[in-house]
Amino acid sequence: MFLENKANRNINRGWIEVVCGSMFSGKTEELLRRIRRANFANQKIELFKPAIDVRYAEEEVVSHDSTSMISTPVHNSAEILIYVNLDTVEVVGIDEVQFFDEGIVDVCNKLADNGIRVIVAGLDMDYTGKPFASMPQLMAVAEYVTKTHAICVKCGDLAQYSHRLVANKKQVLLGEKDSYEPLCRHCYNEVRRMEEDENSKDFEEKEEILE
Ligand code: ZN
């Protein structure tokens, strides 16, 4: 479990923490756990989420287990700097950070350089298993990276892939339990192979019809 660094507390030193993983891995719960502890410590906190994520409430970061906190929806990474008072804010949390533009890396660095503890949570891979947006860069510049895992719905192992259950090729598809399932590497590869076989079968059938 991640424990806050207590050394040099009096010195105004910032850092970046990344919490990443697949869907249903508890990323947001972990972000909110850390934010809540900072709250208990009476620290001044600002919480953000991309305005794109309007699954539940407009102004709350809501995790799947329905624990929530008030957050500010922002339309791009630069907007975060407008809201954060660098002199007073001690902790900045950002949920669904994979949806931000690439400027988010500089924004997080700037906040941390100014003595702020920055905690971001996001999907590390998209549904095709490719690294998501600026997540690799964020993981590289962060002091601490925590990878959370879901449980594979097929075999019960630790899952790291968010397999999409609906046919839609957009990278960003906001969905709930019915759109995705967490799978381990083995089961994910198996399912993808089956899907590819089916796709080529469909293609062959279509070709036969054309002939
Ligand atoms: Zn599995």
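Structural data are supplied above this passage.
Every value quoted in this text rests on a predicted model; they were computed, and no experiment measured them.

Rules used in this analysis
- Residues numbered from 1 in each chain as written.
- Predicted model: local features only at pLDDT ≥ 70, side-chain atom pairs only at ≥ 80, totals over all residues.
- Heavy atoms only, no water.
- Buried < 20%, exposed > 50% of the residue type's maximum accessible area, 1.4 Å probe, protein only.
- Helix = DSSP H or I, 4+ residues; strand = E, 2+ residues; numbered from the N terminus.
- Pairing = 2+ DSSP bridges.
- Donors = N, O, S within 2.8 Å, 3.2 Å for Na, K, Ca; no water.
- Tetrahedral: all angles 85-135°; square planar, octahedral: opposite > 155°, others 65-115°.
- Core = buried A, V, L, I, M, F, W, Y, C linked by side-chain atoms within 4.5 Å.
- Contact = heavy atoms within 4.5 Å.

## So, the pairing of strand 2 (residues 45-50)
Next up, step 1: Most of strand 2 is tucked away: 6 of the 6 residues are buried.
Next up, step 2: Across 4 bridges, strand 2 lies against strand 6 (residues 91-94) in parallel orientation. From the neighbouring strand, Leu 47 faces strand 6, where its bridge partner is Gly 93.
Next up, step 3: Here strand 2 pairs with strand 5 (residues 72-74) via 3 bridges, running parallel. For Pro 50, the partnering residue across the bridge sits in strand 5 and is Val 74.

## Here we look at the coordination of the zinc ion
Next up, step 1: Around the zinc ion, the protein supplies Cys 152 (SG), Cys 155 (SG), Cys 184 (SG) and Cys 187 (SG) as donor atoms, at distances of 2.3 to 2.4 Å.
Next up, step 2: Coordination at the zinc ion comes from 4 donor atoms whose angles at the metal span 102 to 118°, giving a geometry best classed as tetrahedral.
Next up, step 3: For the zinc ion, the donor residues sit on a single chain with the sequence spacing C-x2-C-x28-C-x2-C. Of the two residues, Cys 152 sits in the loop between strand 9 (150-151) and strand 10 (158-159) while Cys 184 sits in the loop between strand 12 (180-183) and helix 5 (185-210), which places them 32 residues apart along the sequence.
Next up, step 4: On the basis of relative accessible area, Cys 184 is assigned to the buried category, the value being 6%.

## Let's talk about the environment of Pro 136
Next up, step 1: Here Pro 136 lies in helix 4 (residues 135-141).
Next up, step 2: Separated by 31 residues in sequence, Pro 136 and Val 105 have C-alpha atoms that sit 10.0 Å apart.

## A look at unusual backbone geometry
Next up, step 1: The phi dihedral of Asn 42 is positive, around 60°, even though this residue is not glycine.
Next up, step 2: Along the chain, the position of Asn 42 falls in the loop between helix 1 (27-40) and strand 2.
Next up, step 3: Positive phi is not limited to glycine here, since Glu 96 has a value of about 50°.
Next up, step 4: If you trace the backbone, Glu 96 turns up in the loop between strand 6 and helix 3 (104-113).
Next up, step 5: The exposure class assigned to Glu 96 is buried, which follows from its relative accessible area of 9%.

## Details of the nonpolar core
The tendency in soluble globular proteins is for nonpolar side chains to be buried side by side.
Next up, step 1: In terms of nonpolar packing, the biggest core is built from 30 residues, with Ile 80, Ile 94 and Ile 104 touching the most fellow members.
Next up, step 2: Of all the elements in the fold, those that place two or more residues in this core are strand 1 (15-21), strand 6, helix 3, strand 7 (117-123) and helix 4.
Next up, step 3: In terms of residues, this core owes the most to one element, helix 3, which gives 6 residues.
Next up, step 4: Each residue touching Ile 80, except ones within four places of it in the same chain, is listed here: Phe 48, Val 74, Ile 94, Phe 100, Ile 104, Val 107 and Leu 111.
Next up, step 5: Of all hydrophobic cores here, the second largest spans 11 residues; its members include Val 19, Leu 32, Leu 47 and Ile 119.

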